[in-house]
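# Structure assessment
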Amino acid sequence: MTTNEQNQKSLHDAIATLKQVSMNFAAPKTIRKSITDLTNDLASENDPISVRAANAISILDEITQDPNLPSHIRVTLWQAVSILERIRE
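Quick summary incoming for the structure in this document. Remember, predicted model here, so these are calculated numbers, not experimental data. (Residues numbered from 1 in each chain as written. Predicted model: local features only at pLDDT ≥ 70, side-chain atom pairs only at ≥ 80, totals over all residues. Heavy atoms only, no water.)

Buried together is how nonpolar side chains tend to be arranged in soluble globular proteins. Counting 23 residues, the largest nonpolar core has Leu-18, Ile-35, Leu-60, Leu-77 and Leu-84 as its most contacted members. Where this core is concerned, the elements lending two or more residues are helix H1 (3–22), helix H2 (29–43), helix H3 (49–64) and helix H4 (71–84). The element best represented in this core is H4, accounting for six residues. In this structure Ile-35 touches Leu-18, Val-21, Ser-22, Leu-60, Ile-63 and Leu-77, once residues within four positions along its chain are discounted. (Core = buried A, V, L, I, M, F, W, Y, C linked by side-chain atoms within 4.5 Å. Buried < 20%, exposed > 50% of the residue type's maximum accessible area, 1.4 Å probe, protein only. Helix = DSSP H or I, 4+ residues; strand = E, 2+ residues; numbered from the N terminus. Contact = heavy atoms within 4.5 Å.)

Okay, the side chain of Thr-17 next. Looking at the element boundaries, Thr-17 is found in helix H1. In contact with Thr-17, other than residues within four places in its own chain, are Thr-76, Ala-80 and Ile-83.

Now for the environment of Thr-64. Positionally, Thr-64 belongs in helix H3. When the C-alpha atoms of Thr-64 and Arg-52 are compared, they prove to be 18 Å apart, with 12 residues separating the residues in sequence. When neighbours within four sequence positions are excluded, Thr-64 is seen to be in contact with Leu-69, Arg-74, Leu-77 and Trp-78.

A separate point is the packing of H1 against H4. Put simply, H1 and H4 touch, their axes get as near as 8 Å, and they point 165 degrees apart. Classified by the angle between their axes, H1 and H4 sit roughly antiparallel to one another. Once H1 is placed against H4, the crossing between them reads as left-handed. In this structure, H1 uses Ser-10, Leu-11, Asp-13, Ala-14, Thr-17, Leu-18 and Val-21 to contact H4, whose residues at the interface are Ile-73, Thr-76, Leu-77, Ala-80, Ile-83 and Leu-84. Here the residues of the contact of H1 with H4 are counted per class, giving nine nonpolar, three polar and one charged. (Axes fitted to C-alpha atoms, helices over the stretch in contact; angles between N-to-C directions. Parallel < 35°, antiparallel > 145°, perpendicular 65-115°, else oblique. Left-handed = near helix turned anticlockwise from the far one by under 90°. Nonpolar A, V, L, I, M, F, W, Y, C, P; charged D, E, K, R; others polar.)

Look at H1: 28 Å from first C-alpha to last across 20 residues, which is about the 28 Å you get at 1.5 Å a residue. Those residues of H1 that are buried are in contact with H2, H3 and H4. (Expected span 1.5 Å × (residues − 1).)

Encoded structure:
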């Protein structure tokens, strides 16, 4: 499997994980909206995949600092970060 194929698979896996969070009503509405926007940004092909992943990791880091975020949602977001960190240029 080439690096590009691995990156595409990681991106797909991260988007799937984030979509689960965006549909989970245990997450606050503002968080679900932010995750939906983030998912759309990741799916967009305006920037290179590594740039999209880095931006998403930064945003997810901010979101996970929210004290109102349920712990099980936070863990799921950390899983998405872990997946995105596999993306290489």
